[in-house]
Every structure is written in structure tokens, then in C-alpha cells.
Amino acid sequence: ALPICGIASAHNDIGYNFYNEGNYSEALKDYKIALKIYEDSNERQGLSYAYNNIGEVYQKLNNFTEALNYYQQSLKIKEEDGDKYGSAWTYTNIGEIYDRMSNSEESLNNYLTGLKLFEGIDDKKDIAASDNKIGEYYLKQNKFKMALEYESKGLELAKEIGAKNELINAYKNLALTASKMKKI
């Protein structure tokens, strides 16, 4: 028989498969089963990831209040446990929620906090991803100089480390910024 946390992990994996198939209601069911098991066994890392996974489902379903609630619960555990990498990504996820809710100040604050954490652990790939995300934020705000600054930093870092996805995102964002600047 699987240990209890192995059962929770299996439900997380099943939920992940449903999530990737776009079957969010089934993903939610399995993630919540995993959450309950992690809660009952007080397994904090699993609990924080279960909260995060449920937040992702609610984000896909455009239920931003619930997504934010679960992301914040995940973040609380990650910060208490000193998980800088997990905290950085959760701040980025929260930034995306605020962006979708048109709360630009909170969105930027969360993106910048995530970036600072990635810089603190010298995670260059995710620094480049954060630079690109912040560049996109400034582009939406029509703050082209700031958009170009972050997009260019993301591009240079992506080139330096050979991060192809971040390189593609940086070029795409720079092209969008240049295009938008020409229309004004």
C-alpha cells in the first residue's frame, strides 16, 4: 500500500493530467482530495503545492477571488518555510491574477517581488521570464520606455543562458512594443 502522502501525490498527478486536458472540474476534485490528505497529515510542502494547483484551476476558470485565496494560502506556507523559489512563482501567479482583475498597482508589486526573489537565488531563467512579464505589464500600461527596459533585460539574459522560450517571449514583446509605439 502507498504511504498516505504517496496517495496525495498520486491525486496531484491525476489532477495535473486532468488540468492539462482542460478538464478543470475533475482536476479540482483530485487536487482537493490531495489537499485534504496533506492537511490531515500536516505535510506542508505538499499542502502549499496543492493550494497552488487549486489556485491555477480557479485562475483558468476566471474565478479570480478563489484563485487569489488559494495562491495566498500557498504563499503563506512557502514564506514560513523559506521556499524562495516557490514564493517567487506564487508572487508571479498573484501578479497575474491582479492583472486580470485590472488592479495594476498590486499586479506590478507582486511581479517585482517575484523578480527580487528570483534575483536573490540567482535563477537566471526565471529572472528573464520575470523581466518579460514586467515588460508585458508596462506595455499594457503604454509605458513604452519601461517596457523596452525590462524586455531588453529579459532578451539579454535569455541570450546569455540560451533560454529559448524566454528568448522567443522577449522578441515577441519587443516587436509588440515597437508596433504599438508606431501607432501613437
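Residues numbered from 1 in each chain as written. Predicted model: local features only at pLDDT ≥ 70, side-chain atom pairs only at ≥ 80, totals over all residues. Heavy atoms only, no water.

**Remarks on the overall build of the protein chain**
- When you go through the protein chain residue by residue, the secondary structure sums to 9 helices and 0 strands.
- Reading the protein chain from its N terminus to its C terminus gives the helix and strand order α-α-α-α-α-α-α-α-α.
- By its C-alpha atoms, the protein chain is 60 × 30 × 30 Å across when sized along the principal axes.
- Burial statistics for the protein chain: of 184 residues in total, 45% are counted as buried. (Helix = DSSP H or I, 4+ residues; strand = E, 2+ residues; numbered from the N terminus. Buried < 20%, exposed > 50% of the residue type's maximum accessible area, 1.4 Å probe, protein only.)

**A few points about the packing of aromatic side chains**
- Counting across every chain of the model gives 7 aromatic pairs.
- Between Tyr51 and Tyr70, the ring centres sit 6.0 Å apart and the planes meet at 45°, which makes this aromatic pair tilted. Placement of Tyr51 in helix H3 (residues 44-60) and of Tyr70 in helix H4 (residues 64-80) is noted, with a sequence separation of 19 residues between them.
- What makes Tyr51 buried here is its relative accessible area of 9%.
- The class of Tyr70 is buried, set by a relative accessible area of 11%.
- Both rings, one in Tyr85 and one in Phe118, keep their centres 6.0 Å apart while their planes meet at 65°; by these two values the pair is edge-to-face. Of this pair, Tyr85 sits in helix H5 (residues 84-100) while Phe118 sits in helix H6 (residues 104-120); the two residues are 33 residues apart in sequence, bridging distant segments of the chain. (Phe/Tyr/Trp six-rings, centres within 6.5 Å; stacked < 30°, edge-to-face > 60°.)

**Some remarks on the nonpolar core**
- If you look at the biggest cluster of nonpolar residues, it comprises 27 residues, and the most contacted ones within it are Leu35, Ile54 and Val57.
- Elements with a contribution of two residues or more to this core: helix H1 (4-21), helix H2 (24-41), H3, H4 and H5. (Core = buried A, V, L, I, M, F, W, Y, C linked by side-chain atoms within 4.5 Å.)

**What about the packing of H4 against H5?**
- At a minimum axis separation of 9 Å, H4 and H5 run at an interaxial angle of 160°. By the criterion of interaxial angle, the relationship of H4 to H5 is roughly antiparallel. Like other packed secondary-structure pairs, H4 and H5 cross with a definite hand, here left-handed. Counting all contacts with H4, which are made through Phe64, Ala67, Leu68, Tyr71, Gln72, Ser74, Leu75, Lys78 and Glu79, the residues of H5 involved are Gly86, Ser87, Thr90, Tyr91, Asn93, Ile94, Ile97, Tyr98 and Arg100.
- Per-class residue counts for the contact of H4 with H5 are 9 nonpolar, 6 polar and 3 charged. (Axes fitted to C-alpha atoms, helices over the stretch in contact; angles between N-to-C directions. Parallel < 35°, antiparallel > 145°, perpendicular 65-115°, else oblique. Left-handed = near helix turned anticlockwise from the far one by under 90°. Contact = heavy atoms within 4.5 Å. Nonpolar A, V, L, I, M, F, W, Y, C, P; charged D, E, K, R; others polar.)

**Points about H2**
- For H2, spanning 18 residues, the distance from its first C-alpha to its last is 25 Å, which sits close to the expected 26 Å at 1.5 Å a residue.
- Looking at H2, one finds that the buried residues are Tyr24, Ala27, Leu28, Asp30, Tyr31, Ala34, Leu35, Ile37 and Tyr38.
- Contacts from the buried residues of H2 go to H1, H3 and H4.
- Where H2 ends, the next residue or the one after it, Asn42, has phi of about 50°, a positive value. (Expected span 1.5 Å × (residues − 1).)

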